[in-house]
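Here is how the chains run, residue by residue.
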Amino acid sequence: MQPDMLQAQQRFHIRQRVRLMVNQYEVLAVAPDGSEGQLLAFAQQKRLAFKEQVTLYTDDSKQQPVLGFKARQALDLGATYDVTDAAGNPVGLFRKNFAQSLLRSTWHVEQAGLPQVTGQERSLPVALLRRFVDSLSWLPYHFDFTAGGQPVFSVVKKWGLRDRYVVEIQHPQIDRRLVIAMAIALDALQAR
């Protein structure tokens, strides 16, 4: 996927593949009818890794990397994750706000030239149910990411047997690679 084509996208679908030892995700464009379109990126994360790292590729052959994100430290409750392009150049970063996330998950996203973006679960009741009733941790959720009270992007987990997400982007300057990394992290890192 060429960066210019990726940056033109206003909406993505993300679908998790169910695998035994790894988490895998497909990032898909949205077709004109709203259904899942062409594959934009494929991500893989090893489960139980000592230091979190996820690499996204152009497809599941994993021959050509597109971007990645990696934790700065191994055991940090409010870890910062650096997002880099295929050449290792910085795209931005995101980090979990551990204190605020005790009741409602809260993340901060930073990209050079833009104000800090804060994302939080929209529904406090759903957030509380997901935390305190183990059998309900599968409940769908909706994250709104804003800067200065203005919407930047949102991530909505849909009902279904496997995890599926719809990502909507409202801010034209936010790097789509940073948005995709954050959306995948919501699934891959949410319970940590």
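Residues numbered from 1 in each chain as written. Predicted model: local features only at pLDDT ≥ 70, side-chain atom pairs only at ≥ 80, totals over all residues. Heavy atoms only, no water.

(A) Fine view of the packing of aromatic side chains. On inspection of all chains with the given rule, the structure shows 8 aromatic pairs. With a centroid separation of 6.1 Å and 25° between ring planes, the pair formed by Phe143 and Phe145 is classed as stacked. The two residues Phe143 and Phe145 agree in class, both being buried. Aromatic ring contacts, followed pair by pair, group Tyr141, Phe143, Phe145, Phe153 and Tyr165 into a single cluster. (Phe/Tyr/Trp six-rings, centres within 6.5 Å; stacked < 30°, edge-to-face > 60°. Buried < 20%, exposed > 50% of the residue type's maximum accessible area, 1.4 Å probe, protein only.)

(B) Here's a closer look at a nonpolar patch on the surface. A cluster of nonpolar residues, Phe98, Leu102, Leu103 and Leu124, forms a patch on the protein surface that exposes about 350 Å² of accessible area. The topology assignment puts Leu124 in helix H2 (residues 124–132). Take Leu124: its relative accessible area is 32%, and that puts it in the partly exposed class. (Patch = residues over 30% accessible without salt bridge, like charges linked within 9 Å, V, L, I, M, F, W, Y side chains within 5 Å. Areas by Shrake-Rupley, 256 points an atom, 1.4 Å probe, with all protein chains shown as cover. Salt bridge = Lys/Arg side-chain N within 4 Å of Asp/Glu carboxyl O. Helix = DSSP H or I, 4+ residues; strand = E, 2+ residues; numbered from the N terminus.)

(C) Structural context of the environment of His171. With respect to the helices and strands, His171 occurs in the loop between strand E12 (164–169) and helix H3 (176–188). The sequence separation of His171 and Phe153 amounts to 18 residues, and the corresponding C-alpha distance is 6.9 Å. Dropping the residues within four chain positions of it, His171 is found in contact with Leu114, Pro151, Val152 and Arg176. Polar contacts involving the side chain of His171 include one to the main-chain amide nitrogen of Gln173, which spans 3.1 Å. (Contact = heavy atoms within 4.5 Å. Polar contact = N/O pair within 3.5 Å; in protein donor to acceptor, adjacent residues only side chain to side chain.)

(D) Highlighting the environment of Gln111. Within the element layout of this structure, Gln111 appears in the loop between strand E8 (106–110) and strand E9 (117–121). For Gln111, a relative accessible area of 16% translates into the label buried. When the C-alpha atoms of Gln111 and Val91 are compared, they prove to be 6.8 Å apart, with 20 residues separating the residues in sequence. If we ignore the near neighbours within four places in the chain, the residues touching Gln111 are Val91, Gln173, Ile174, Asp175 and Leu178. From its side chain, Gln111 meets the backbone nitrogen of Asp175 in a polar contact 2.7 Å long.

(E) The arrangement of H3 in detail. Here H3 is 13 residues long and its end C-alpha atoms lie 18 Å apart, about the 18 Å a rise of 1.5 Å per residue gives. Counting buried positions over the 13 residues of H3 gives 13, a clear majority of the element. (Expected span 1.5 Å × (residues − 1).)

(F) Local environment of the pairing of strand E7 (residues 90–96). For E7, the buried fraction is high: 5 of the 7 residues fall into the buried class. In this sheet, E7 lies alongside strand E6 (residues 80–85) in antiparallel orientation, the contact comprising 5 bridges. Opposite Val83, over in E7, you have Gly92 as the bridge partner. Bridge count for E7 against E8 is 4 bridges, and the pairing is antiparallel. The residue of E8 that forms the bridge with Leu93 is Glu110. (Pairing = 2+ DSSP bridges.)

(G) A look at the pattern of salt bridges. In the structure shown here, the tally under the stated rule is 10 salt bridges. In this structure, Glu110 and Arg95 form a salt bridge, with 3.2 Å as the shortest nitrogen-oxygen distance. Here Glu110 is found in strand E8, whereas its partner Arg95 is found in strand E7, with 15 residues between them in sequence. For Arg95, a relative accessible area of 25% corresponds to the partly exposed category. For Asp163, the salt bridge identified is with Lys157, shortest N-O distance 3.5 Å. Looking at Lys157, the relative accessible area reads 9%, which means it is buried. Three or more residues joined by partner-sharing salt bridges are found here, namely Arg15, Arg17, Glu26, Glu36 and Asp60.

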